[in-house]
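What follows is the residue order along each chain.
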Amino acid sequence: MIIVNTCAFIDSAKEESIQTILEMAAYKEDRCQLLIVCGCLAERYRDEILRELPEVDAVVGTGDYAKIADVVRQANLGEQVVLYGHMNEPLAEENRMLATPGYMAYCKIADGCDNLCTYCIIPQLRGSYRSRRMEDIVSEAERLAEGGVRELIIIAQDTSRYGIDLYGAYMLPELLRRLCAIEKLHWVRVLYLYPEMITDELIDVFAREEKLVKYMDIPIQHADSQVLRRMGRHLNHEDLTTLIKKLRSRVPGIVLRTTVIAGFPGETEEQFETLLSFVCDMRFDRLGAFAYSQEDGTPAAKLPDQLSEDIKNERAGKVLAVQEEISLSLQMDKIGTLMEVLVEGYEEESLMYFGRSAGDAPEVDNTVYFASEDEHAPGDFVMVKILNADTYELVGSAVLE
Ligand code: SF4
């Protein structure tokens, strides 16, 4: 049985999902008895999937993950199963199997989104914002820590809004304090903070809690006030500038990650230049730039003055080129410093261990390579002296204790 959990955020994600379904469908000729498609693509294109991909035995929407065992049973009886319709239900609390290496785990604290950015399809696919109860999250984190997890990564479509639906208040600061009190956790990392909800209380928690890595992932999406307004974002250029300066002064050394969209409908050359100079001035430690993707069913898709793919890609490429230079210069500044690194593996070719610093989230950020005379296992934390750098990699050697 193969279950494909899909994404449908933007075109490239949809293509990857479809490609994966097709690849998995090939196993139906051999050992695979059931092919099940769930997640956002299934939520968005259920009819098309059933019509175009007869190999698929079951399609499950985003609100019905918890019923996957029933779906399998039914599909095993030879029925084609289609299950939808519970998108806004409270999130199910289930035992989970870790799909990540044993030393790290993602922990989802909420699902859905109420921000309604005009370019984004997610609220239609994941429903309105629903937080998990704090005690459920904390006990899950305790279980994970007991099972060997050292780095807990907090995720949601918008982590900063946590608690507002359940408790009538923004409770992320309190949740983080409680997670940092779990003895066996070594790092707690938070992804996807919406800039508007980064309160002084939250900044204080980042400044004070030692286990909370000094790393904030704040997708700003743009920096021109008019484009931000058309995107349905709640902050303008000045607000973003103030926020970033405040974060840097209140949490010295904080690593800031962001993502931006280039080529939003109607983005003028001048508005794009505002974005580009903001990226130059703010010198984000990590940055992803994407060409705007026109998504059916979103308000932005109907806006006039959609830009050509060439212009969008060219602008995203310009942002990335600027960021590459910034990244290289920030990386060079690290030479000579000491850094705690979470070991992720050993590379035979270079005879070096590799891993991540506190400033690097898995998959999206940079890698630290280091030589060591000691033996290390994935999940160990090692102090490394940085000796060399390039744009996205640091190289050093372990400091023996
Ligand atoms: S905050 Fe994120 S998930 Fe929510 S609508 Fe905006 S881009 Fe989409």
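Residues numbered from 1 in each chain as written. Predicted model: local features only at pLDDT ≥ 70, side-chain atom pairs only at ≥ 80, totals over all residues.

1. Re the overall build of the protein
Within the protein one finds 13 helices and 17 strands. Taken over the C-alpha trace, the protein has a radius of gyration of 22 Å; the compact-globule value for 401 residues is 21 Å, and the two agree within 12%. For the protein, the spread of C-alpha atoms along the three principal axes comes to 65 × 55 × 50 Å. Across the protein, every contact between residues at least 6 apart in sequence was considered, and the portion connecting residues at least 24 apart equals 68%. (Helix = DSSP H or I, 4+ residues; strand = E, 2+ residues; numbered from the N terminus. Rg over C-alpha atoms; globule rule 2.2 N^0.38 Å. Contact = placed C-beta atoms within 7 Å.)

2. Things to note about the domain arrangement of the protein
Looking at the assigned domains, one finds that the protein contains domain 1 (2-83), domain 2 (104-332) and domain 3 (338-398). At the junction of the two partners, domain 1 supplies 9 residues and domain 2 supplies 7 residues. Looking at the side of domain 1 that touches domain 2 element by element, the count peaks at 3 residues for helix α2 (residues 40-44). Among the residues making up the side of domain 1 that touches domain 2, the classes are represented as 4 nonpolar, 2 polar and 3 charged. (Domains from an automatic or database assignment. Nonpolar A, V, L, I, M, F, W, Y, C, P; charged D, E, K, R; others polar.)

3. What to know about the nonpolar core
The biggest cluster of nonpolar side chains holds 86 residues, and the ones touching the most others in it are Leu152 and Ala262. At 5 residues, the largest contribution of residues to this core is made by strand β11 (residues 255-262). When residues of this core are assigned to domains, at least three fall in each of domain 1 (2-83) and domain 2 (104-332). Among residues more than four places away in sequence, those in contact with Ala262 are Phe272, Leu275, Ala289, Ala291, Tyr292, Lys312, Arg315, Ala316 and Val319. (Core = buried A, V, L, I, M, F, W, Y, C linked by C-beta atoms within 7 Å. Buried ≥ 20, exposed ≤ 12 C-beta atoms within 10 Å, placed from the backbone.)

4. Comments concerning the sheet that holds strand β3 (residues 58-60)
The strands that make up a sheet pair up through hydrogen bonds in the backbone, lying either parallel or antiparallel. With respect to topology, 4 strands assemble into an open sheet ordered β1-β2-β3-β4, the strand pairing being parallel. Strands at the two margins of the open sheet, each flanked by one partner only, are β1 (2-6) and β4 (81-83). With strand direction ignored, the average angle separating the axes of adjacent strands in the sheet is 15°. Bridging between β1 and strand β2 (residues 35-39) involves 5 bridges; their strand directions are parallel. Within β2, the residue paired with Val4 across the bridge is Val37. Against the sheet, helix α1 (residues 11-25) contacts β1 and β2, and its axis sits at roughly 175° relative to β1. (Pairing = 2+ DSSP bridges. Axes fitted to C-alpha atoms, helices over the stretch in contact; angles between N-to-C directions.)

5. So, unusual backbone geometry
We note that Tyr192 has phi near 60°; this positive angle belongs to a residue other than glycine. Using a count of 16 C-beta atoms within 10 Å as the deciding quantity, one classes Tyr192 as partly exposed. In this structure, Asp305 takes a positive phi of about 60° despite not being glycine. Asp305 gets classed as exposed once you count the C-beta atoms within 10 Å, which come to 9.

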